[in-house]
Amino acid sequence: KPGEQKHAKEPSSLQCMHLAVVACGDRLEETLIMLKSAVLFSNRRLCFHIFAEDSLKTEFEKKLKEWPSSYTKKFESNIYPITFSVGNAQEWKKLFKPCAAQRLFLPVILKDVDSLLYVDTDVLFLRPIEDIWHVLGEFNSSQLAAMAPEHEIPKIGWYSRFARHPYYGSTGLNSGVMLMNLTRIRGTHFKNSMIPGGLTWEEMLYPLYQKYKNYITWGDQDLLNIIFYFNPECLYVFPCQWNYRPDHCMYGSNCRGAEEEGVSILHGNRGVYHDDKQPTFKALYEVIRDFPFEDNLFQSLYYPLQSKFLDTVHTLCGRIPQVFLKQIEKTMKKVYENRVIVYLGANHRY
């Protein structure tokens, strides 16, 4: 009507994709390389939520400002202190790796964020984040989070052999890459082994930890496995190429999705970016780390990567280079085409 303000819905291409990470101790560089891989390949705007110790805050701000403006305009970043809303903060901080339990509190802290992708610091994106972000739209009415299995083969999986607590499915879940619909998490009462009527996410965390703390090995990941053991209908399981780890190739290739489509998200757990046990993973990390932002992707990233891979063929992971290269090659072609089309389109008008 005349005089009334019209509220247009923001186009999906302009909406922020929220990416959260928790960094403590010596994880500054690893986190920055992860964020760099996200910015290099994504076309949509990103919102970084970085939870870090006070000693790292200034360094994060300084390093992110050093990136060229053509990339800094693609994201906004927020840096938060490490805080735990319930229970003993020192206990939470010491659970598994320093500060890892912070991720359990994201639904409580980020009250204004509807959905986000959480990743560990040792993750690298080999294709645009929007490709995994689309999975949120595939959730059914009860699903509120997505993770990949811890292993593909129960007889060699860790949980199926050693776990002393409940875990999801036949092999458990790996929580290094986790999509979360925070709005749904905040509004759900979760079944559990303590109170029949169900508990909210925040109410559940500390009692759950107290009950199982003598039985868990992998900290927050084990707690998430326990939660989704009792609430399997709440979980969307995505395939292994979205959380590809050394376990998927170091004993022989066992991630069919990666063989067919290529690795989408690389997860260098076991510290493989920083030792020589899995040189294929280390090669990817070093090439993205050393890539000058505004250089040609094929010349300064893809070709050096191919060259480094030649030195890894003595390992089982190194014998399947196409698994690591397929998605990254496809992604770079898209980035290149987008830039050429934009450039030609701009010139065509004059």
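Residues numbered from 1 in each chain as written. Predicted model: local features only at pLDDT ≥ 70, side-chain atom pairs only at ≥ 80, totals over all residues. Heavy atoms only, no water.

The chain has the name UDP-D-xylose:beta-D-glucoside alpha-1,3-D-xylosyltransferase in an unreviewed UniProt entry, where Atrichornis clamosus is given as its organism. Entered under Catalytic activity (unreviewed entry) in the UniProt record, the comment concerning the chain runs "3-O-(beta-D-glucosyl)-L-seryl-[EGF-like domain protein] + UDP-alpha-D-xylose = 3-O-[alpha-D-xylosyl-(1->3)-beta-D-glucosyl]-L-seryl-[EGF-like domain protein] + UDP + H(+)". (UniProt positions renumbered as here; feature names shortened; annotations may be inferred.)

### Description of the overall build of the chain
Counting secondary structure elements, the chain contains 14 helices and nine strands. Buried residues in the chain amount to 54% of all 350 residues. Taking the intrachain contacts of the chain between residues at least 6 apart in sequence as the baseline, contacts between residues at least 24 apart amount to 73%. Put simply, the chain shows about 16400 Å² of open surface, and 51% of that area lies on carbon and sulfur atoms. (Helix = DSSP H or I, 4+ residues; strand = E, 2+ residues; numbered from the N terminus. Buried < 20%, exposed > 50% of the residue type's maximum accessible area, 1.4 Å probe, protein only. Contact = heavy atoms within 4.5 Å. Areas by Shrake-Rupley, 256 points an atom, 1.4 Å probe, with all protein chains shown as cover.)

### A look at the sheet that holds strand β4 (residues 115–119)
Taking strand neighbours across the sheet as the criterion, the seven strands line up as β3-β2-β1-β4-β7-β6-β8 in an open arrangement whose pairing is mixed. For this open sheet the edge positions go to β3 (75–80) and β8 (235–237), each flanked by a neighbour on one side alone. Recorded for the sheet is a direction-independent mean angle of 25° between the axes of neighbouring strands. Pairing analysis gives five bridges linking β4 to strand β7 (residues 173–181), with the strands arranged antiparallel. (Pairing = 2+ DSSP bridges. Axes fitted to C-alpha atoms, helices over the stretch in contact; angles between N-to-C directions.)

### Some points on the confidence of the model for the chain
Note that predicted coordinates carrying low pLDDT should not be read in detail. Mean pLDDT over the chain: 88, with 89% of residues reaching 70 or higher. Overall, residues 1–13 carries pLDDT values under 50, and its contacts beyond four positions in sequence, including any with other chains, amount to five contacts. (pLDDT = per-residue confidence, 0-100.)

### Digging into the packing of helix α12 (residues 279–290) against helix α13 (residues 297–309)
Running from N to C, α12 and α13 point in directions that differ by 155°, and their axes come no closer than 10 Å. For the element pair α12 / α13, the angle class is roughly antiparallel. Along this stretch, α12 crosses α13, giving a crossing that reads as right-handed. Together, Thr280, Ala283, Leu284, Glu286, Val287 and Ile288 of α12 and Leu301, Pro304, Leu305, Lys308 and Phe309 of α13 make up the contact between the two elements. Class assignment of the residues belonging to the contact of α12 with α13 gives a composition of eight nonpolar, one polar and two charged. (Parallel < 35°, antiparallel > 145°, perpendicular 65-115°, else oblique. Left-handed = near helix turned anticlockwise from the far one by under 90°. Nonpolar A, V, L, I, M, F, W, Y, C, P; charged D, E, K, R; others polar.)

### Re the environment of Pro304
Assignment of secondary structure puts Pro304 in helix α13. Note on Pro304: relative accessible area 29%, which makes it partly exposed. Separated by 13 residues in sequence, Pro304 and Phe291 place their C-alpha atoms 9.6 Å apart.

### A closer look at helix α1 (residues 28–41)
Here α1 spans 21 Å end to end across 14 residues, near enough to the 20 Å set by a 1.5 Å rise per residue. Counting buried positions along α1 yields 13 of 14 residues, so the element is predominantly enclosed. (Expected span 1.5 Å × (residues − 1).)

### So, the packing of aromatic side chains
Scanning the entire structure with this criterion turns up 18 aromatic pairs. Between Phe281 and Phe324, the ring centres sit 5.6 Å apart and the planes meet at 80°, which makes this aromatic pair edge-to-face. In this pair, Phe281 sits in helix α12 while Phe324 sits in helix α14 (residues 321–348), placing the two residues 43 residues apart along the sequence. Its relative accessible area of 0% is what places Phe324 among the buried residues. Taken together, a centroid distance of 6.0 Å and an interplanar angle of 75° make the contact between Phe309 and Phe324 edge-to-face. Placement of Phe309 in helix α13 and of Phe324 in helix α14 is noted, with a sequence separation of 15 residues between them. Across the pair, Phe324 and Phe309 agree in class, each one buried. (Phe/Tyr/Trp six-rings, centres within 6.5 Å; stacked < 30°, edge-to-face > 60°.)

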